[in-house]
Amino acid sequence: MKKALLLIGIVANTIAMVFFTFYLMKLPWLAGDEKFLIWSSSALKFANREIPNSSEYAFINTSYDLQLIDRYDEFGFPVGNQVITDREKLALFLEIINSGETKPKYVICDVHFADSTDVDVPLHAALQQMDNVILSSHLNDKGQLEAPVFKDINRGLSDYVIGSVFDGVYKYQLVYNDSLKLTPLKVFEDVYGVKAEKKGPFVKIGDHWTINNFIMNYRLLQKDIMEQEAGFNPVSLGELLFLADKDIQDFTAGKIVIIGDFFENDMHETLFEITAGPLILLNAFLTIKDGDTLVNIWFFLLIIGVYLYLSYMVFVEGDYMEAKITKKFGSIAIAKYLAGFASYITILAVLSLTTFFLFNIHLNIFFLALAFYAMDKIVGFIYSRLSKAKVG
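Keep in mind that what you see is a predicted model, and the values were worked out from it rather than measured. (Residues numbered from 1 in each chain as written. Predicted model: local features only at pLDDT ≥ 70, side-chain atom pairs only at ≥ 80, totals over all residues. Heavy atoms only, no water.)

Participant: Can you break down the layout of surface pockets residue by residue, with the values?
Facilitator: Taken as a whole, the second largest pocket encloses approximately 290 Å³ of empty space. As for the second largest pocket, its lining consists of 13 residues, of which Y72, A114, D115, N140 and E146 are closest to the centre. (1 Å grid on protein atoms, 1.4 Å probe; cavity = no way out; pocket = protein on both sides within 12 Å on 5 of 7 lines; lining within 4 Å. Points joined across faces, edges and corners; volume = space filled by probe spheres on them.)

Participant: Can you break down the pairing of strand β11 (residues 196–199) residue by residue, with the values?
Facilitator: Here β11 pairs with strand β12 (residues 202–205) via four bridges, running antiparallel. Within β12, the position partnered with K199 by the bridge is F202. Here β11 folds back onto β12 in antiparallel fashion, the turn holding two residues, of which G200 has a positive phi close to 65°. (Pairing = 2+ DSSP bridges. Helix = DSSP H or I, 4+ residues; strand = E, 2+ residues; numbered from the N terminus.)

Participant: I'd love a proper account of empty space enclosed by the protein, names of residues and values included.
Facilitator: Considering all chains together, one arrives at two cavities of 30 Å³ or more under this definition. Taken as a whole, the largest cavity holds about 80 Å³ of empty space. Lining of the largest cavity is provided by 13 residues; of these, M25, N213, F214, I215 and H362 occupy positions nearest its centre. Looking at side-chain class alone, the lining of the largest cavity contains eight nonpolar, four polar and one charged residues. If you trace the second largest cavity, you find it lined by L174, I205, H208, T210, F214, T287, I288, G291, D292 and T293. Counting only elements with at least two residues in the lining of the second largest cavity, the list comes to β13 (208–211) and α9 (277–289). (Nonpolar A, V, L, I, M, F, W, Y, C, P; charged D, E, K, R; others polar.)

Participant: Could you give an account of the side chain of S42, with specific residues and numbers?
Facilitator: Along the chain, the position of S42 falls in helix α2 (residues 32–47). Here the side chain of S42 touches H362 through a polar contact of 3.4 Å, side chain to side chain. Contact partners of S42, with chain neighbours within four places excluded, come to L271, F272, F356 and H362. (Polar contact = N/O pair within 3.5 Å; in protein donor to acceptor, adjacent residues only side chain to side chain. Contact = heavy atoms within 4.5 Å.)

Here it is, written out as structure tokens:
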């Protein structure tokens, strides 16, 4: 009977920790120790990255092509001016590429079209002529979706809905609130003709399964678009329009064109450095395209196997690592209490490194270790009470 209860406890704790693992993946924050582990392992993989072919992409920078429009309050009264992307230049650029013999493969327009202007008609007409374009939509302060003023044009959510709550964009999400697909996922669907569907904490993209919330595997950094040799240098919209129409069409022909603010007002802290929003969108697209994050039966077998062992440590008094730490540092009072936690976080760190290099999935080891350690102490307390009851 005792062995059966022990087995039930171990299995139940393992299942609970598996669910807790996927819950943690949804949270926007990381503990300090986790950041270092994730940064160091990601840096190792980044050092051996495959840089995408620059001839497949064209970056159009809008940082310095701006215009002033009226700003209105919530009651519709003018309260001053606001700066937006120059829509006349953008409309002219889109008209030029629309008239080319070879169109762009896809156009990602990461520009915030929140308010109407007097020059929206030609821009809207140019957008309507395109079959392969997507606009960015955003969430307001209440978490509600604010669609662009061009409501009949394809759009995706371009906010970093998990990751910017604390101090940077570390995690990325593919589907928000179970149904709202983020821009990179919609671009992948359109370009490759596959459908993505969220199922619980996972997303099925064609025949490929991935987790919905993941730490991105960066292929391009901000410094890459600053170096001439890399070939990813953004061209300012205004400068591009000085070229002949044929040269502009040749520059964008057959490419995925990303239009946005690459240098000034759309910068975010990421795992490695401050990075432009449009570049984060591209890295997310490349993560999906290359199938970096993989969920299969081997991933589940690996974490279940390790969690079964850790749950055994929870329900069976003592383990090898804890005994060694206590023996070596037993004279230090706090060592006795931290020995068990150190055992859990060390094993989980090894597990996280393994899942990262095999499946490109990081685990939130600090909070998982806390959960296992808390269960360990709770079970130990129960054992102690039961022992005293028997003696009494």
